[in-house]
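Fold and contact review
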There are 2 protein chains.
Amino acid sequence: MEDLTARERFLRACRGEEVDRPPVWLMRQAGRYLPEYREIRARASFLEACADPELAVEISLQPYRRFGMDAVIVFSDILIPLTGLGVSLDFAPGPSVANPIERASDLERLAGDVAPAMEPTCEAIRRLRAELGPEVPILGFAGAPWTLAAYASEAKLSRDVERLVVSSYTEPSFLDALLDRMAEITTRTLELQIEAGADAVQIFDTWAGVLSSPRFRRFAGRALARVIEALPSGHPPVILFARAAAHLLEDLAELGADVVSVDWRVDLADAALRVGQRVSLQGNLDPAALRASPATIARAVEQLVEAGSKARGHVLNLGHGVLPTTPIDGVRAFVEAAMRARG
Amino acid sequence: MEDLTARERFLRACRGEEVDRPPVWLMRQAGRYLPEYREIRARASFLEACADPELAVEISLQPYRRFGMDAVIVFSDILIPLTGLGVSLDFAPGPSVANPIERASDLERLAGDVAPAMEPTCEAIRRLRAELGPEVPILGFAGAPWTLAAYASEAKLSRDVERLVVSSYTEPSFLDALLDRMAEITTRTLELQIEAGADAVQIFDTWAGVLSSPRFRRFAGRALARVIEALPSGHPPVILFARAAAHLLEDLAELGADVVSVDWRVDLADAALRVGQRVSLQGNLDPAALRASPATIARAVEQLVEAGSKARGHVLNLGHGVLPTTPIDGVRAFVEAAMRARG
């Protein structure tokens, strides 16, 4: 167990196989807390950076150069696939949509292939592979159908994505058609990244947590299961992240994903009991905890590794993305403590 | 059991005593979905309406006149107590604070008594009693310390109340002092309403759900327990509402409240199992479900009443406030189905 590459460690943990220590990375590890990221963003907008493979590669590598975590996630955004279709998107800094998808006749604007919009991201994955070699896993990602639908269907997302939830009562057949199309988009987005060389993919269902369990299964969960089923056989591990979804944990473990990524609200040992051997777990330090002292962070990591040892497998991560106000020393303390751990 | 007044029905359900049927009311039952409310708000701002007992009484009675639910909640806002202190508050329409409480030296701005700011609300309660007589329960309410602190400490609340959560790691002694002061404010707000004649009070901890269970107990929960302990002995029932807090249900049941109000994400029968006989439950139809057909709403109410029968006691309600886009017929279908139910 002493000679695992980061890629082996990561893939083994996803599959629930023995590892020397839990692999570690951080959601939004490339981001505003890094001065070198802010420097790039001073001359390129968020969408420009996503669309430029050279910038995307540079941004993806920035945290890896500093901290050497066990995975590099390609710099992109879950809404990029929609930009190539008929959705006018802006980030200022939260996403807004000039022409939301509000009725069945709007669905035709979602026709077309996401490949052109995804090409810079796929090219970035290929260049990252050339840069990093075979031993560092590269992660692709996509938004879940429900979450893509949430962003696409309102100019500016309301709290608890009210519009989409209401449509589940008033226009379920429209919502079904919207989720069907979004499922195709999610699937194609993941396929393209897998073809480009992604070693694992994460699906972000940021807004699934607004649904009760029966309604999650009926709408968001059904669409997610379809995505995972549609991936080519022998596909790389799928990590499924849902925010504020403690009440959906058992449902999330049933969808065919290899790993369920839990947010910081959930007790990781309790989550391991609830999902059993069906999936590995990823997470789940409170992102705000990276403001604590290095010693406090190290203790928290030890507790997480201990809790994660009760799961089938454990990928150490935050419970949500790195906050822009996070000190670099907090991220360093987190990664260093993870690397000292023994699985 | 055939001759219970609404007040008896409500108080008995809160205490877990036998009732003829679960009492019913709706969070934010006085609000923008009612044309007569919008008419008042066309000539008075939200804060003006809260500060005018005549308008507050009229608004409080509007839904009762239409639907005759089992309780009338006084029209006010959880942030009103802060307006009498040194917090400059605006609603446009969400709350914003011109001078947030950001450090220990800001705490002195929270000194002083909330009674003057609460007087219009208390006067409204007294007039409601005169209007309604003894048989209709009148509800008062207040914000929980954590939630008041969240609103007071940021100009505009960030998602997941990031600032307050970060301060729990970086400045726990400041946060403790802030929560101590907010606990006094919550307690005094409830005491004043109880003195004015409130038959039960609800505490809204809208933002407690961002915390993991250990951190909820350490910060928000500790402050809540202190509030409930500080109420005069023999105080009216306390209902505790926390949004998106499925993971905190057991913690919420331990704080001394009579009723825990659960949001729509939670399965009510499962919640009853989890809290056992410690508390009654309130809730929890998805507010968006009031957009469904009357027959669908009636079936949902039947299911809720059945699930609620497993709890110590059950107050039928939504899982969150009435949405402004709710059709009046949806509210009517909900209340009428509730009144046909048998506990």
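About the criteria used
Residues numbered from 1 in each chain as written. Chains lettered and ligands numbered in written order. Predicted model: local features only at pLDDT ≥ 70, side-chain atom pairs only at ≥ 80, totals over all residues. Helix = DSSP H or I, 4+ residues; strand = E, 2+ residues; numbered from the N terminus. Rg over C-alpha atoms; globule rule 2.2 N^0.38 Å. Buried ≥ 20, exposed ≤ 12 C-beta atoms within 10 Å, placed from the backbone. Contact = placed C-beta atoms within 7 Å. Nonpolar A, V, L, I, M, F, W, Y, C, P; charged D, E, K, R; others polar. Least-squares fit on C-alpha atoms with pLDDT ≥ 70 in both. Pairing = 2+ DSSP bridges. Axes fitted to C-alpha atoms, helices over the stretch in contact; angles between N-to-C directions. Expected span 1.5 Å × (residues − 1). Core = buried A, V, L, I, M, F, W, Y, C linked by C-beta atoms within 7 Å. pLDDT = per-residue confidence, 0-100. Parallel < 35°, antiparallel > 145°, perpendicular 65-115°, else oblique. Left-handed = near helix turned anticlockwise from the far one by under 90°. Right-handed = clockwise from strand over helix to strand, strands pointing away.

Focus: the overall build of chain A
Looking only at helices and strands, chain A features 14 helices and nine strands. Scaling as 2.2 N^0.38, a compact globule of 343 residues should have a C-alpha radius of gyration of about 20 Å, and chain A matches this with 19 Å. Burial analysis of chain A (343 residues in total) assigns 56% to the buried set. When contacts within chain A are restricted to residue pairs at least 6 apart in sequence, long-range pairs at least 24 apart make up 72% of them.

With respect to the interface of chain A and chain B
Contact residues are listed per partner, giving 21 residues for chain A and 21 residues for chain B. When residues in the side of chain A that touches chain B are grouped by element, the largest group, five residues, is from helix H8 (residues 162-170) of chain A. When its residues are assigned to classes, the side of chain A that touches chain B shows eleven nonpolar, five polar and five charged.

Quick notes on the relation of the copies chain A and chain B
The two copies are related by a screw motion: chain A maps onto chain B through a turn of 180 degrees and a shift of 0.0 Å along the axis, at an RMSD of 0.0 Å. Taken together, the rotation and translation describe the operation of a two-fold axis. Here 100% of the interface residues in chain A have copies in chain B that are interface residues too; the copies meet face to matching face.

A short note on helix H1 (residues 6-15) of chain B
All names here are of chain B. Counting buried residues in H1 gives eight out of ten residues, a clear majority hidden from the surface. Listing the buried residues of H1 in full gives Ala-6, Arg-7, Arg-9, Phe-10, Leu-11, Arg-12, Ala-13 and Cys-14. In the core, the buried residues of H1 are packed alongside strand S5 (200-205), strand S7 (259-261), strand S8 (280-285) and strand S9 (314-318). Immediately downstream of H1, the backbone of Gly-16 shows phi near 80 degrees, a positive value.

Some points on the sheet that holds strand S8 (residues 280-285) of chain A
Residue and element names in this part refer to chain A. Read from one edge of the open sheet, seven strands run S1-S4-S5-S6-S7-S8-S9, paired in parallel fashion. Each having just a single partner strand, strand S1 (72-73) and strand S9 (314-318) make up the two edges of the open sheet. Relative to the sheet, helix H6 (residues 115-132) contacts S1 and strand S4 (138-143), its axis offset from that of S4 by approximately 160 degrees.

Quick word on the sheet that holds S9(B)
Residue and element names in this part refer to chain B. The strand order across the open sheet formed by seven strands is S1-S4-S5-S6-S7-S8-S9, and the pairing between neighbours is parallel. Because the sheet does not close on itself, it has two edges, and the strands there are strand S1 (72-73) and S9. Where S1 lies against strand S4 (residues 138-143), two bridges are found, and the strand directions are parallel. By the bridge assignment, Ile-73 is partnered in S4 with Leu-139. Against the sheet, helix H9 (residues 172-196) engages S4 and S5, with an angle of about 165 degrees to S4.

Structural notes on helix H14 (residues 328-340) of chain A
Because each turn of an α-helix spans 3.6 residues, side chains separated by three or four positions in sequence point in the same direction. In this model H14(A) runs 19 Å from its N-terminal to its C-terminal C-alpha over 13 residues, within 8% of the 18 Å that 1.5 Å per residue would give. Those residues of H14(A) not exposed but buried are A:Gly330, A:Val331, A:Ala333, A:Phe334, A:Val335, A:Ala337 and A:Ala338.

Considering the nonpolar core
One finds A:Leu240 and B:Leu240 to be the most contacted residues of the largest nonpolar core, which totals 254 residues. Setting aside residues no more than four positions away along its own chain, A:Leu240 makes contact with A:Ile203, A:Asp205, A:Leu252, A:Leu255, A:Ala257, A:Val259, A:Val260 and A:Ser261.

Structural notes on the confidence of the model for chain A
On average, residues of chain A carry a pLDDT of 96, and 99% of them reach 70 or more. Interface predicted TM-score (ipTM) for the complex: 0.93; the corresponding pTM is 0.95.

Re the packing of helix H4 (residues 53-67) of chain A against H6(A)
Residues and elements named next belong to chain A. Two numbers describe how H4 lies on H6: the axes approach to 8 Å, and their chain directions differ by 55 degrees. By the angle between their axes, H4 is oblique relative to H6. H6 is crossed by H4, and the crossing has right-handed handedness. Contacts between H4 and H6 involve Pro-53, Ala-56, Val-57, Ser-60 and Leu-61 from the first element and Pro-120, Thr-121, Glu-123, Ala-124, Arg-127, Leu-128 and Glu-131 from the second.

Observations concerning the environment of A:Glu123
The topology assignment puts A:Glu123 in helix H6. Sequence separation of A:Glu123 and A:Val161 is 38 residues, and the distance between their C-alpha atoms is 33 Å.

Looking at the packing of helix H7 (residues 145-152) of chain A against helix H9 (residues 172-196) of chain A
Packed helices, taken two at a time, are described by the angle between their axes plus the distance between the axes. Residues and elements named next belong to chain A. Direction vectors running N to C along H7 and H9 enclose 115 degrees, while the axes themselves pass 8 Å from each other. Taken together, the axis directions place H7 and H9 in an arrangement best described as roughly perpendicular. Judged by the sense of rotation from one axis to the other, the crossing of H7 with H9 is right-handed. Across from Pro-145, Trp-146, Leu-148 and Ala-149 in H7, the residues of H9 making contact are Leu-178, Leu-179, Met-182, Ala-183, Ile-185 and Thr-186. Split by residue class, the contact of H7 with H9 holds nine nonpolar, one polar and no charged.

Thoughts on the pairing of strand S5 (residues 200-205) of chain A
All names here are of chain A. With six of six residues buried, S5 is to be regarded as a mostly interior element. Summarising the sheet, S4 and S5 pair through five bridges and their orientation is parallel. Looking across to S5, one finds that Ala-142 is bridged to Ile-203. Pairing analysis gives five bridges linking S5 to strand S6 (residues 238-242), with the strands arranged parallel. What sits directly across from Gln-202, in S6, is Ile-239. Read from S5 through helix H10 (residues 213-230) to S6, the crossover connection turns out right-handed.

Quick word on the environment of B:Asp20
Residue and element names in this part refer to chain B. Tracing the backbone shows Asp-20 in the loop between H1 and helix H2 (35-43). Its 15 C-beta neighbours within 10 Å are what place Asp-20 among the partly exposed residues. For the pair Asp-20 and Asp-3, spaced 17 residues apart in sequence, the C-alpha separation works out to 8.5 Å.

Comments concerning unusual backbone geometry
Residue and element names in this part refer to chain A. Geometrically, the link from Gly-283 to Asn-284 is a cis peptide bond, its omega value of -10 degrees lying close to zero. Topologically, Asn-284 is positioned in strand S8. Positive phi, close to 35 degrees, is recorded for Val-161, a residue that is not glycine. Relative to the elements of secondary structure, Val-161 occurs in the loop between H7 and H8.

Looking at the pairing of S8(B)
Along a regular strand, successive side chains alternate from one face of the sheet to the other. All names here are of chain B. Counting buried residues along S8, six of its six residues qualify, which places the element largely inside the surrounding structure. Pairing between S7 and S8: three bridges, direction parallel. Across the sheet, Ser-261 pairs through a bridge with Gln-282, a residue of S8. For the handedness criterion, the β-α-β arrangement of S7, helix H12 (residues 268-275) and S8 is classed as right-handed. Relative to S9, S8 runs parallel, the two sharing five bridges. In the sheet register, Gln-282 faces S9, and the bridge partner there is Val-315. Between the parallel elements S8 and S9, the chain passes through helix H13 (residues 294-308) in a crossover that is right-handed.

Concerning the environment of B:Tyr33
Residues and elements named next belong to chain B. For Tyr-33, the position within the fold is in the loop between H1 and H2. Given 21 C-beta atoms within 10 Å, Tyr-33 falls into the buried group. For the pair Tyr-33 and Thr-326, spaced 293 residues apart in sequence, the C-alpha separation works out to 5.7 Å. Those residues in contact with Tyr-33 that sit more than four places away from it in its chain are Val-322, Pro-324, Thr-326 and Ile-328.

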